[in-house]
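Commentary on secondary and tertiary structure
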Amino acid sequence: MPDLLVRSFAPLLLAFQPCFTRPSFDSFWALTCAWILCSGRRSLTRVMQSAQLTDFKHYCSFHRFFSQARWNLDDLSRCVFQLLLPLCPEVLVGAVDDTLARKSGRHIWGAGMHHDPLRSTQKRPFFAFGHNFVVFSLQVALPFAPNKYWAFPILVRMYRKRQTARRAPGKGGKLESKQTGQATAKQYRTRPELALEMIQIVASWIPQRMLRVLGDSEYAGQSISRHLPANVKLISRMNMKAALYALPEKAAKRGRRRKKGNRLPSPLQLAQNKKAKWIKTTLTLYGKQVKLWYQTIDALWYPSAGQQLLRIVVTRDPSGRRRDDCFFSTDLTLAPTQILELFSLRWPLEVCFRDVKQFLGFEDPQNRVAKATTRTAPLIFLVYDLVLLWHAQVGHRLAPKSVLERLWYPQKDSVSFEDILRTLRNATWEERIFSDPAIDAHTRKILQPFVEWAKALT
């Protein structure tokens, strides 16, 4: 196996050895290290070229690692989960969301037109061609920064659009192109269904511990809320016009027992009620102290969660800059303020999406084979996890040596993924250049500026 990264990174990679055959594990080791060290566009051929992996194996071996090799993604996810578990609190906090990987080319397997949230506005939605991945992550505060949460993507599923028989305009038009890898009616699953599958897998790994899952309004429907495992609680956003009901009364009359009680005011009606008594408080949301008003009610949201009682929180921004909003939790032991603070922990997953696209080339691979497409992007998320775990174990002690001084950015008080990636690369270069005992002091002095210049270029 090529010695590409710092030695302290090796124990993390060795934890995955039981998931592979020996040849596949060698390829996994080489590709993970090369992916971290590569800069610029990360197509598979460029990753191989940047680390000169063809001196280690034939280039076809690395392509076959994704398209043909016998290994299972969920096994790798289980290994990352076991590495991360000692850093997690007793009650685990997870988040689920989806992200778009923009692509180009009609032969990209599984790609289609998806809603692009970054380019869309409320008045004008925008769609982009690419892959849509549903991601489940664990939100963890690492020891070197206990007040900052990081999202660790554990499980990933690719959402495939349903196959259609749409034809091009005009008489006798051909079937519309760019449908490679679209799902048949039996294969098709919605994003909430994919999210539920991942939640059930993680819940089975920790049957004796509770898992709180955070999701946006897309993951608040009955596809998830009515099928949660016993040790999972959901916190999500609610529609302001949701139909709320009281618990049914225990009637002594004959006949079928009622499933829901009397109709209650919707969250919108609660917010518009001028006689309503708002509770004023100050919370830590998204890393900032925020003044907030809220109302709370326990009720049934029967169209979504059925007969499960929910704790519902309606919020208002006293400054008027944000519109009224509504959140709910299936965990009735949580106070309204805890529900709001927990829901804000969704944001690290959005930061993770930005980081893997900007610093690890999440959108760069152009796969045309089914198995390679469903494996490459999830592996990039696991590379992201390993970099963070290395920094939590070793890298935070080396960070001062690799920090770039930005005099124009004095308010920065926390480390970013870019800083962590730079620390890992800088530690690797220092070890590879200066670990040779034959290098004398004069030569070390000459080589040191090259390390500093490389640090500034990353």
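Before going into details, it helps to say that this report is about the structure given with it. (Residues numbered from 1 in each chain as written. Predicted model: local features only at pLDDT ≥ 70, side-chain atom pairs only at ≥ 80, totals over all residues. Heavy atoms only, no water.)

**With respect to the nonpolar core**
The nonpolar side chains of a soluble globular protein tend to be buried, and buried together. This is how it is decided: Here, nonpolar core means buried Ala, Val, Leu, Ile, Met, Phe, Trp, Tyr and Cys residues that are tied together by side-chain atoms lying within 4.5 Å of each other. Exposure is judged per residue with a 1.4 Å probe applied to protein chains only, and the accessible area is read against the type maximum: over 50% gives exposed, under 20% gives buried, and values in between give partly exposed. Here a strand is any run of E in DSSP of at least two residues, a helix any run of H or I of at least four, and the numbering for each starts at the N terminus. We call two residues in contact when some of their heavy atoms are within 4.5 Å.
If you look at the biggest cluster of nonpolar residues, it comprises 134 residues, and the most contacted ones within it are Phe9, Phe136, Leu138 and Ile154. Take this core: its biggest share by element is 14 residues, from helix 12 (residues 370–402). Apart from residues no more than four positions distant in its own chain, Phe9 is found in contact with Thr32, Ile36, Leu386, Val387, Trp390 and Leu424.

**Notes on the pattern of salt bridges**
Rules: For salt bridges, the criterion is a side-chain nitrogen of Lys or Arg within 4 Å of an Asp or Glu carboxyl oxygen.
Taken as a whole and assessed by the stated rule, the structure comprises 22 salt bridges. Close ionic contact of Glu218 with Arg191 constitutes a salt bridge, the shortest N to O distance being 2.8 Å. Of this pair, Glu218 sits in the loop between strand 5 (211–215) and helix 7 (222–225) while Arg191 is found in helix 6 (residues 191–205), placing the two residues 27 residues apart along the sequence. The class of Glu218 is partly exposed, set by a relative accessible area of 36%. Notably, a salt bridge pairs Asp419 with Arg422, separated by 3.6 Å at the nearest N-O pair. Of this pair, Asp419 and Arg422 are both found in helix 13 (residues 417–434), 3 residues apart, which corresponds to roughly one turn of the helix. Relative accessible area serves as the criterion here: at 15%, Asp419 is assigned to the buried category. Residue classification places Arg422 among the buried positions, given a relative accessible area of 4%. Look at the salt bridges and you will find they share partners, linking Asp97, Asp216, Arg237, Asp325, Arg346 and Glu350 into a network.

**Some remarks on empty space enclosed by the protein**
Counted only if it meets this: Cavities and pockets are defined on a 1 Å grid built over the protein atoms alone: a cavity is a set of grid points where a 1.4 Å probe fits but cannot escape, while a pocket is an open set with protein on both sides within 12 Å along at least five of seven lines, and lining residues are those with an atom within 4 Å of any such point. Grid points are joined across faces, edges and corners, and a volume is the space filled by probe spheres set on the points. Any residue that is not Ala, Val, Leu, Ile, Met, Phe, Trp, Tyr, Cys, Pro, Asp, Glu, Lys or Arg is counted as polar, Gly included; the first ten are nonpolar and the last four charged.
The full count for this structure, using the stated rule, is 4 cavities of 30 Å³ or more. Computed from the structure, the largest cavity encloses a volume of approximately 70 Å³. Ala101, Lys103, His131, Phe133, Phe362, Pro365, Asn367, Thr373, Thr376 and Ala377 are the residues that line the largest cavity. Of all the elements in the fold, those that place two or more residues in the lining of the largest cavity are strand 3 (127–141) and helix 12. Examining the composition of the lining of the largest cavity, we find that 3 residues originate from one element, helix 12, more than from any other. In terms of residue class, the lining of the largest cavity is built from 5 nonpolar, 4 polar and 1 charged. Space inside the second largest cavity adds up to approximately 60 Å³. Among the elements that take part in the lining of the second largest cavity, strand 4 (residues 149–159) stands out by supplying 5 residues, more than any other. For the lining of the second largest cavity, the class distribution of residues is 8 nonpolar, 1 polar and 2 charged.

**Looking at the packing of aromatic side chains**
Applicable threshold: Classification of ring pairs uses Phe, Tyr and Trp, with its six-membered ring standing for Trp, and accepts pairs whose centres are within 6.5 Å; under 30 degrees between planes counts as stacked, over 60 as edge-to-face, and the remaining range as tilted.
Summed over the entire model, instances satisfying the criterion amount to 20 aromatic pairs. Ring centres of Phe81 and Trp205 lie 5.2 Å apart, and the angle between their planes is 50°; this geometry places the pair in the tilted category. Of this pair, Phe81 sits in helix 5 (residues 73–84) while Trp205 sits in helix 6; the two residues are 124 residues apart in sequence, bridging distant segments of the chain. In terms of burial, Phe81 and Trp205 fall into one category: buried. Ring centres of Phe133 and Phe362 lie 5.7 Å apart, and the angle between their planes is 70°; this geometry places the pair in the edge-to-face category. One end of the pair, Phe133, is in strand 3; the other, Phe362, is in the loop between helix 11 (347–359) and helix 12, and 229 residues separate them in sequence. The pair Phe133 / Phe362 is uniform in exposure class, with both members buried. In textbook terms, an aromatic cluster arises when at least three aromatic residues are bridged by ring pairs, as seen for Phe16, Phe20, Phe25, Phe28, Trp29, Phe65, Phe66 and Trp71.

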